[in-house]
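Structural description and commentary
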Amino acid sequence: MDFNSLLQQAQRLNNEIQHTEELPRVERTISQVLQATKELHTRVTQTGAQDIQAHILLASKGIDLPKISQKLESLNAQKTFEPLDPISETDVQNFLKNEKENTILSVIEEVHKNAFQSAQKRKWEHIKAEWREEKVKLMNALVGPSQNWIDIEKLPEQTVINETFGLRSCLNNIEMAYAREVYDYNVVVIKGAFRPNLVQKFSKVAKNFKDTKVNDIWEIMKYMVDVTPVPRNRDPLQSRIQIKQFVEQAKKYLENRYKLYMSTVISSNLREAQRGGVPSTFNLVSAFVGLTFNKSNCFGLQDVNVDGKPLWPMVYYCLRCGDMQSALRCVLMGESGHEDFIQILEDKINKPEQKINIKLEGQVKLHYCNKIKNSTDPYKKAVYCIIVGCDINDQHLEVAKTTDDFLWIQLSILRNEASENGESLTYSGLQVMILEKYGEKHFNANEQQHLYFQVLALTGQFEAAIEFLARSEKYRPHAVHIALALNEMMLIGGPRNVQEPLLSVDIEDTVPMRRLNMARLIMLYVKKFEMTDPAEALQYYFFLRNLKDPDGRNLFLVCVSDLAIECRNYDLLFGKMMPNGVASGGLLQQFDCVNFDSRTAANIVADELVRKGMFEDAIKLYDLADMQSHSLRYLSLLLSQVVHQSSKKGSLRERLATLATEFSERLRGSRIECEAQIVVTFNLLNELVSFFDYYHERRYQLALEILATTKLVPFSMGELEESLNNFKGLGSEISKAYPYILLATMDILYSQYKMLKGKDTGILKSGGDSRLQHLRQQAKALTNMAATIPYRMPGDTNKRLVQTEILMN
């Protein structure tokens, strides 16, 4: 095709368009069309298909996208919030305009600043709250990590106290051995007999563990508790500071331990020791010093020898063994010049309860400062410091070779009261030195837990010692039972609130005393086995019977409640109600005493279950608590919700129906203190259970006979008023089930109607059968009852009743 032909066709098309009004007239030449086409093609290739589609979409809605784009590009948001340029003061109008805009900008900036600060504040408050929660978790984890569950399958040991529980025990051999002793002790306490010494009982058990360090720990506790009993009405921490026996018992333990060490050394070197004479501390020390010191290592020792042994080592080791009389004997065997020192020794021996003569003690201290302090004999310096308590900062490293030696020297130089010049060491000062000045790092506590426990316990810091020992998985059972034993002897200081951390500081206590939260310690220890060993868990919770939670509730009852709700084995804990109305004994029955009643515990647990909405469990516990009125009330409440359902095996309805039958049989002929309305409601629901059972089994005649005895629904128009009056006296439980009763009854009538209709169709043609008419009258009574009662029917109940009645007419 040439261009002339193309031109002719274009002109012909143009002429045809001129006579058509549907398309607009385009006044463009071919060259203009070509140029417009090129521009459109260029624009499409630059913007892309998506932009073209956007143009087409917005253009169909009357929006010119290019113009909007140009306007948006012309806007400059950055300049909007920039400070305005200053203008001449003579231009009042622009000046006011600028001031107004500046004010608006300043308000916006202030709001932005306040919002940012508020956001930052809330962020940090949230972070601090999270850290506080983590801190509590970490403190709890010091005793037992809550997520470190023990694999039950790997621990096949069975409990002794509770052999009937299904799961395997989480208690190992050590924990079970302690649990047996706890059980025996609680039996004695409940009977009101004389309480045995738990420390003695536990230490005896610990000997079977074949662990020397554990035996040493219990041996320390046996010494430390051998003091005058602390009154129960006094604060244990205050009593501990005032009783000097704690210091004496600590020294006694260290002294006896050192005598045993000396005997061991001598026994290993009998020939070299040449021990002879009557067995005594003096001969023991003499033999030990003879083995330890010879001419080569006596450099620097002063004064004459005692039977060929250096004097001051003899005196020191006699004191180290706790024999001051033998130390005096050694000094008297030496040369003169120590008269004042001898006098002080004699006063300490003959008058142990009296205070040393201040003047005499001052003279000895002065003699020490002038001559002995710079002496080359370390034993002589140590002996003088021990006797008169001076130079408390000297560690006597040449003499104190072990931690026991260091601790014994510190205990020996203690004084009851601080001196005016501050040169005396008090009991609290020693405690601060051990716990805060030196601390765990100094004693390498991570590697030597028993050693750090020892120095804390021997300095009377039982709470800190137990808390530290409880951090270790290995020593945790021992720490818990040490705490139990000391707490029973009133030797553990507890916090004011059971929600305090495991170890806390009270501002009213002497520094650095701590308080141990026994409740937290026991609950964290028991947590790991309370589900598998509830019998043993209850024995430990019994120790909390004298504590109160922040709401004033008995902590033992609170723990019992939590355990019961968690394990839900109520028959095991509380027993089971027998058909004769007598409860079989559960685990809690053994704790029945003056301060505890298992029925009260059952009532508390039931109330908590009701609060949680666990009504089915609460019914049994109210029954065990001899509160049958509550049991019937909640049983009726649950039955009203499921009574209309079909009974399936294992369903809630089947369980409730069985429970209702048991209650009905047990309460038949017996009277309970209960509101009459509750009993009537329960009896009606019990009848309705049978009614719906027969209904679902299609035993319609039996169902109607039971329903007729209840007088709940009318079976004729004459019974309508009576049924209406009966309905007004019903409880809400029956009212909830009433729509289902009407529907079930109407379904029964319709089924009977269809059955009669199927037997004889001729009867329906004549319309004179009395039985069919009777069924219609019954159906009419039901629909009238549904329309008359003062109760709003749920859903389409009325509609279904009316439709069924229509089908029967």
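Residues numbered from 1 in each chain as written. Predicted model: local features only at pLDDT ≥ 70, side-chain atom pairs only at ≥ 80, totals over all residues. Heavy atoms only, no water.

This paragraph deals with the packing of aromatic side chains. Per the stated rule, a full pass over the model turns up 36 aromatic pairs. Seen in terms of ring centroids, Tyr316 and Trp408 are 6.0 Å apart; in terms of plane orientation they differ by 85°. Their pairing is edge-to-face. Linking Tyr316 in helix H14 (residues 311–320) with Trp408 in helix H19 (residues 403–412), this pair joins segments that are 92 residues apart in sequence. The two residues Tyr316 and Trp408 agree in class, both being buried. Grouping aromatic residues by their ring pairs yields a cluster made of Tyr258, Tyr261, Phe288, Phe293, Tyr316, Tyr317, Tyr379 and Trp408. The ring of Phe282 has Arg329 lying over it, and the distance from NZ or CZ to the ring centre is 3.8 Å. Looking at Arg545, its charged tip hangs above the ring of Phe542, at a distance of 4.2 Å from the centre. (Phe/Tyr/Trp six-rings, centres within 6.5 Å; stacked < 30°, edge-to-face > 60°. Helix = DSSP H or I, 4+ residues; strand = E, 2+ residues; numbered from the N terminus. Buried < 20%, exposed > 50% of the residue type's maximum accessible area, 1.4 Å probe, protein only. Lys NZ or Arg CZ within 6 Å of the ring centre and 35° of its normal.)

Let's shift gears to the pattern of salt bridges. Across all of its chains, the model carries 26 salt bridges by this definition. A salt bridge links Asp235 to Arg515; its shortest N-O distance comes to 2.6 Å. Of the two residues, Asp235 sits in the loop between helix H9 (212–224) and helix H10 (236–242) while Arg515 sits in strand E4 (residues 515–516), which places them 280 residues apart along the sequence. Under the relative-accessibility criterion, Asp235 is labelled partly exposed at 26%. Note that Glu463 is salt-bridged to Arg240, the shortest N-O span being 2.7 Å. Taken together, the positions of Glu463 in helix H22 (residues 462–470) and Arg240 in helix H10 put the pair 223 residues apart, joining distant regions of the chain. (Salt bridge = Lys/Arg side-chain N within 4 Å of Asp/Glu carboxyl O.)

Attention now moves to helix H20 (residues 427–442). At Met433, H20 is deflected by roughly 35°, the largest bend along its length. Residues Tyr427, Leu430, Gln431, Met433, Ile434, Leu435, Tyr438 and Gly439 constitute the buried set of H20. Those residues of H20 hidden inside the fold are in contact with H10, helix H11 (245–268), H19, helix H21 (449–458) and H22. Two residues or fewer after H20 comes Asn444, characterised by a positive phi angle close to 50°. (Bend = angle between axes of the 7 residues up to and from the residue. Contact = heavy atoms within 4.5 Å.)

All right, on to the side chain of His396 then. Structurally, the position occupied by His396 is in the loop between helix H18 (378–388) and H19. Apart from residues no more than four positions distant in its own chain, His396 is found in contact with Lys381, Ala382, Cys385 and Ile409.

Note the cis peptide between Val511 and Pro512, where omega equals 5°. Note on placement: Pro512 falls in the loop between strand E3 (503–504) and E4. Look at Asp626: it is not a glycine, yet its phi comes out positive at around 60°. Along the chain, Asp626 turns up in the loop between helix H29 (615–624) and helix H30 (628–642).

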